[in-house]
Amino acid sequence: MRTHNYLTRINDDTWTDLKRIQELDNRSANSLINEGCRLVIADKLQKISQMKKHRNTLENMVSA
């Protein structure tokens, strides 16, 4: 599997929360960040799908 190194800035409050979760979950920060990325992607794809369905429904109502 390929990996991509990406430098980022994380604000202190978010980093503190991440470190607390890391202690509770016993996982690396990298693992938690990757999981968070996957969750954001899934959420955005779901919202896009819902918007498309809504738009198609409205178009079908107007066309009928």
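Residues numbered from 1 in each chain as written. Predicted model: local features only at pLDDT ≥ 70, side-chain atom pairs only at ≥ 80, totals over all residues. Heavy atoms only, no water.

Draft legend 1. Local environment of a nonpolar patch on the surface. Taken together, the side chains of Ile10, Trp15 and Ile33 define a hydrophobic patch exposed on the protein surface, amounting to about 230 Å² of accessible area. On the secondary structure map, Trp15 appears in helix α1 (residues 12-25). (Patch = residues over 30% accessible without salt bridge, like charges linked within 9 Å, V, L, I, M, F, W, Y side chains within 5 Å. Areas by Shrake-Rupley, 256 points an atom, 1.4 Å probe, with all protein chains shown as cover. Salt bridge = Lys/Arg side-chain N within 4 Å of Asp/Glu carboxyl O. Helix = DSSP H or I, 4+ residues; strand = E, 2+ residues; numbered from the N terminus.)

Draft legend 2. Structural context of α1. Between its first and last C-alpha, α1 extends 20 Å over 14 residues, near the 20 Å set by a 1.5 Å rise per residue. Trailing α1 by a residue or two, Asn26 shows a phi angle of about 60°, which is positive. (Expected span 1.5 Å × (residues − 1).)

Draft legend 3. Quick peek at the side chain of Gln22. Mapping Gln22 onto the fold places it in helix α1. Of the residues examined, Gln22 reaches a relative accessible area of 18% and is grouped as buried. At 3.4 Å, the side chain of Gln22 forms a polar contact with the backbone oxygen of Arg27. (Buried < 20%, exposed > 50% of the residue type's maximum accessible area, 1.4 Å probe, protein only. Polar contact = N/O pair within 3.5 Å; in protein donor to acceptor, adjacent residues only side chain to side chain.)

Draft legend 4. Structural view of the pattern of salt bridges. Tallying each qualifying case throughout the model produces 4 salt bridges. Of the charged contacts in the structure, one is a salt bridge between Asp25 and Arg27, with a shortest N-O distance of 3.0 Å. Among the ionic pairs, Arg27 bridges to Glu35, the shortest N-O distance being 2.7 Å. Residue Glu35 is classed as partly exposed on the basis of its relative accessible area, which comes to 29%. Among the charged side chains, a network of salt bridges with common partners joins Asp25, Arg27 and Glu35.

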